[in-house]
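# Structure at a glance
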Amino acid sequence: MDFLSARLLDGRWFRVLTVIDQFTRECLALVADRALNGPRVALALSQVVAERGAPESITADNGSEFAGRAMDAWSYQYGVHLEFIRPGKPVDNSFIESFNGRLRDECLNVETFFDLSDVREKLTRWQLDYNQVRPHSALADRSPEQFIARLAAIERGLFAHGLAGKPNAGRCRALRRRRQSKTFTAFRPTPAQGEG
């Protein structure tokens, strides 16, 4: 997760909290507001967890919104490990930095925003396009939604054959092939992600 800032037509600043899934490349949240403090970030993440379940960890910078008491309490409540990047090293969070560059180039720099409701509407449209339509080279030129559907189909097939959850040779070979394919060269899953 990370933040971006932009301006409304009248010159007032607003911020956008961006949250993505590093494995599926899905944009999980784009939250726009005039100010986004720690409690507001925790609330946004609680909504994501309610829809998707809690992740094992979240990578973020050392900003006060992420490193403060509200996020510390939130991470303890949900059992999520907060991994902070080294100060001044945004490349440590390269997935979100790349995503933020796309969001800025394709939406924030080309749209005119009249007020916060206009910002939220345009961000929602962009997020839907990003998640449902846009092909990603890291996902074998599938959209995140198509990639997730394919993984679900694979998982259903493993369950149907009694292979899900068992460390057997067939499942390990399938996971190894997925990891070794050229489209996943930059992907290093956590054990929980790699098992699904």
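Chains are numbered independently. Their residues run from 1 in the order of the written sequence. Given that the model is predicted, a residue must reach a pLDDT of at least 70 before its local features are reported, and side-chain atom pairs must reach 80 or more before they are shown or counted; all residues, however, enter totals for whole chains, interfaces and linings. Where side-chain values are given, they derive from all heavy atoms of the structure, hydrogens and water being excluded.

### A short note on the pattern of salt bridges
Only one rule defines a salt bridge in this text: a Lys or Arg side-chain nitrogen within 4 Å of an Asp or Glu carboxyl oxygen. In total, this model carries 12 salt bridges according to the counting rule given. A salt bridge links Glu65 to Arg15; the nearest nitrogen and oxygen atoms lie 2.8 Å apart. Within this pair, whereas Glu65 is found in helix H2 (residues 64–67), its partner Arg15 is found in strand E2 (residues 13–20), the two being separated by 50 residues in sequence. Type-normalised accessible area, obtained with a 1.4 Å probe on protein chains alone, sets the label of each residue: buried when under 20%, exposed when over 50%, and partly exposed for intermediate values. Residue Glu65 is classed as buried on the basis of its relative accessible area of 15%. Across the pair Glu106 and Arg134 runs a salt bridge, and its minimum N-O distance is 2.5 Å. Here Glu106 is found in helix H4 (residues 94–108), whereas its partner Arg134 is found in the loop between helix H5 (116–132) and helix H6 (144–160), with 28 residues between them in sequence. Connected via shared salt-bridge partners are Asp21, Glu26 and Arg52. Helix numbers and strand numbers start at the N terminus; a helix is a DSSP run of H or I with at least 4 residues, a strand a run of E with at least 2.

### Considerations on the pairing of strand E3 (residues 27–33)
Within a regular strand, the side chains alternate between the two sheet faces. Here E3 lies mainly inside the structure; six of its seven residues are buried. The sheet contact formed by E2 and E3 spans six bridges and is antiparallel. Paired with Ile20 across the bridge in E3 is Cys27. A pair of strands is considered paired only if DSSP assigns at least 2 bridges between the two. The loop that links E2 with its antiparallel partner E3 comprises six residues; one of these, Arg25, has a positive phi angle of about 65 degrees.

### Digging into the pairing of strand E1 (residues 2–7)
Where E1 lies against E2, six bridges are found, and the strand directions are antiparallel. The residue of E2 that forms the bridge with Ser5 is Arg15. If you look at the hairpin formed by E1 and E2, you'll find five residues sitting between the two strands, and Gly11 has a positive phi there, around 95 degrees.

### Focus: the sheet that holds E1
One open sheet holds the three strands; their spatial order is E1-E2-E3, and the pairing between them is antiparallel. Each edge of the sheet is formed by a strand with only one pairing partner; in this case those strands are E1 and E3. Put simply, the sheet's adjacent strands are angled 20 degrees from each other on average, direction ignored. Residue contacts follow a heavy-atom distance rule, with two residues in contact if any of their heavy atoms lie within 4.5 Å. Inter-axis angles, ranging from 0 to 180 degrees, are taken between N-to-C directions of lines fitted to C-alpha atoms, where helices are fitted over the stretch in contact. Of the strands in this sheet, E1, E2 and E3 touch H4, which is tilted by about 20 degrees from E1. Against the sheet, H5 touches E2 and E3, its axis set at about 170 degrees to E3.

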